[in-house]
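Take a look at the letters that make up each chain.
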Amino acid sequence: INSDEQPEIAGQLSQAFGVRSIPFCVIFAQGQPVDGFVGALPEAEIRQFLDKHVPSPDELEAEADTEEAEALLNEGGDVHDAMAKLQEAVAIDPANDNARLDYLKLLLGLAVAEPERTAQARQAFDPVAAKALADARYAAVEHWLKACEALPAARPLPELDAAIAANRRDFQARFERAQQFFARREDTAAMDELLEILMRDKAWSQELARKTYVAILELMAKPLPKAGPDSGKAKGTLEVTGPAAVAPSDPVLDQYRRKLSMALF
């Protein structure tokens, strides 16, 4: 806006944003001011300023692939097609957390039936493993990945049952049971087993039972879209999050949050 030619509008904006000198630049996103600068800047600095807020062509392409993958899942499309879209999105834009997380969840959702997917998930997770320290989404996926990695060498459930019957405080056996259920996304069964540990020893194995329980809650609260019922498993589709995955307001999720709170406090 030319403040000399449109003084009334310029005055209103000056009052709203506390403008004291010009040029004064504000960038808006979805109708809200998100950044700005005062004074004349060289072109290179203006481009750098815009690059912080305007997606690059690669980022836009990756986002388009992610949206296509989500649409495929919402419409009951082929999970493997959706996975290919997400894999491409991650390759184009490795910093796209949404694409990478969705890709990891799809891989792990297939891992029981297609064990080779576990190694693919590990390969996709390792470059961002440090994010699990601060991001609950990545922490949850890491615990799911570890459960899937433990599955091939897992002791049979009857053997674990016998070990627990002989010693109710055999927490390693209980945790192995929980991991098997978790890998298969039998979420409530996994959490029930973890609760048995937490009620007896909250700090067992550096709070591994609690951390795994929280990971399951995170995945239940934020599931991927499910493949439609008409798509058919013969076409490579599945319910990505398993039958126990529910919306955040679901009473099952609320119930298990309360159970965790009671066990800890």
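What counts, and where the lines are drawn
- Residues numbered from 1 in each chain as written.
- Predicted model: local features only at pLDDT ≥ 70, side-chain atom pairs only at ≥ 80, totals over all residues.
- Heavy atoms only, no water.
- Helix = DSSP H or I, 4+ residues; strand = E, 2+ residues; numbered from the N terminus.
- Buried < 20%, exposed > 50% of the residue type's maximum accessible area, 1.4 Å probe, protein only.
- Phe/Tyr/Trp six-rings, centres within 6.5 Å; stacked < 30°, edge-to-face > 60°.
- Lys NZ or Arg CZ within 6 Å of the ring centre and 35° of its normal.
- Pairing = 2+ DSSP bridges.
- Expected span 1.5 Å × (residues − 1).
- Contact = heavy atoms within 4.5 Å.
- Patch = residues over 30% accessible without salt bridge, like charges linked within 9 Å, V, L, I, M, F, W, Y side chains within 5 Å.
- Areas by Shrake-Rupley, 256 points an atom, 1.4 Å probe, with all protein chains shown as cover.
- Salt bridge = Lys/Arg side-chain N within 4 Å of Asp/Glu carboxyl O.
- Axes fitted to C-alpha atoms, helices over the stretch in contact; angles between N-to-C directions.
- Left-handed = near helix turned anticlockwise from the far one by under 90°.
- Nonpolar A, V, L, I, M, F, W, Y, C, P; charged D, E, K, R; others polar.
- Core = buried A, V, L, I, M, F, W, Y, C linked by side-chain atoms within 4.5 Å.

**Some details on the environment of Arg 100**
Then, in step 1: Residue placement: Arg 100 occurs in helix H5 (residues 97-110).
Then, in step 2: The class for Arg 100 is buried, based on a relative accessible area of 5%.

**Re the packing of aromatic side chains**
Then, in step 1: Taken as a whole and judged by the stated rule, the model has 5 aromatic pairs.
Then, in step 2: Both rings, one in Phe 175 and one in Trp 204, keep their centres 5.6 Å apart while their planes meet at 55°; by these two values the pair is tilted. Pair noted here: Phe 175 is in helix H9 (residues 171-183) and Trp 204 is in helix H11 (residues 204-221), with a separation of 29 residues, a long-range link.
Then, in step 3: Of the residues examined, Phe 175 reaches a relative accessible area of 6% and is grouped as buried.
Then, in step 4: Under the relative-accessibility criterion, Trp 204 is labelled buried at 14%.
Then, in step 5: Ring-pair connections join several aromatic residues into one group, and the members of that group are Phe 17, Phe 24 and Phe 28.
Then, in step 6: Across from the ring centre of Trp 144, 4.8 Å away, lies the NZ or CZ of Arg 185, which sits over that ring.
Then, in step 7: One residue, Lys 259, lies across the ring of Tyr 256, its end atom 4.4 Å from the ring centre.

**Notes on the pairing of strand E2 (residues 32-38)**
Then, in step 1: Here strand E1 (residues 24-29) pairs with E2 via 6 bridges, running antiparallel. Of the residues in E2, the one forming a bridge with Ile 27 is Asp 35.

**Considerations on helix H10 (residues 187-198)**
Each α-helix winds once per 3.6 residues, and so residues spaced three or four apart point in a common direction.
Then, in step 1: Compared with an ideal rise of 1.5 Å per residue, which puts 12 residues at 16 Å, H10 spans 16 Å between its outermost C-alpha atoms and is within 8% of the ideal.
Then, in step 2: Within H10, burial applies to Asp 187, Ala 190, Met 191, Glu 193, Leu 194, Leu 195, Ile 197 and Leu 198.
Then, in step 3: Elements in contact with the buried residues of H10: helix H8 (157-166), H9, H11 and helix H12 (251-264).

**What to know about the side chain of Arg 177**
Then, in step 1: Looking at the element boundaries, Arg 177 is found in helix H9.
Then, in step 2: Setting aside anything within four residues of it in sequence, one finds Arg 177 in contact with Leu 157, Leu 160, Asp 161, Ile 164 and Glu 193.

**Quick word on a nonpolar patch on the surface**
Then, in step 1: Where nonpolar side chains cluster on the molecular surface, the patch consists of Ile 1, Ile 9, Leu 13, Phe 17, Ile 22, Phe 24, Phe 28 and Val 38 and spans about 740 Å² of accessible area.
Then, in step 2: With 3 residues, helix H1 (residues 7-17) is the single largest residue contributor to the nonpolar patch.
Then, in step 3: Secondary-structure assignment places Phe 28 in strand E1.

**Some points on the pattern of salt bridges**
Then, in step 1: Applying the stated rule across the entire model yields 18 salt bridges.
Then, in step 2: Between Asp 161 and Arg 177 there is a salt bridge, with its nearest N and O atoms 2.4 Å apart. In this pair, Asp 161 is assigned in helix H8 and Arg 177 in helix H9, connecting sequence segments 16 residues apart.
Then, in step 3: On the basis of relative accessible area, Asp 161 is assigned to the partly exposed category, the value being 38%.
Then, in step 4: Taking relative accessible area as the criterion, Arg 177 reaches 14% and is therefore assigned buried.
Then, in step 5: Measuring nitrogen to oxygen at the nearest pair gives 2.5 Å for the salt bridge that ties Arg 200 to Glu 196.
Then, in step 6: By relative accessible area, Arg 200 is classed as partly exposed at 30%.
Then, in step 7: A cluster of three or more residues bridged by salt bridges with shared partners is formed by Asp 161, Arg 174, Arg 177 and Glu 193.

**Examining the packing of helix H4 (residues 79-92) against H5**
For any two helices packed against each other, the geometry comes down to the angle between their axes and how far apart the axes lie.
Then, in step 1: Where H4 meets H5, the closest approach of the two axes is 9 Å, and the angle between their N-to-C directions is 145°. Here the hand of the crossing between H4 and H5 comes out left-handed. Note on element contacts: H5 touches H4 through Ala 99, Arg 100, Asp 102, Tyr 103, Leu 106, Leu 107 and Leu 110, opposite Val 79, His 80, Ala 82, Met 83, Leu 86, Gln 87, Ala 89 and Val 90.
Then, in step 2: Within the contact of H4 with H5, the residues separate by chemical class into 11 nonpolar, 2 polar and 2 charged.

**Observations regarding the nonpolar core**
Then, in step 1: Among the nonpolar cores identified, the biggest contains 57 residues, and Leu 106 and Tyr 213 are the most heavily contacted of them.
Then, in step 2: Looking at this core, the element that brings in the most residues is H11, giving 9 residues.

**Digging into unusual backbone geometry**
Then, in step 1: For the bond running from Ile 22 to Pro 23, omega is 0°, close enough to zero to count as cis.
Then, in step 2: Inspection of the secondary structure puts Pro 23 in the loop between H1 and E1.
Then, in step 3: Of note in the backbone geometry, Gln 30 takes a positive phi value of approximately 55° without being a glycine.
Then, in step 4: Relative to the helices and strands, Gln 30 is located in the loop between E1 and E2.

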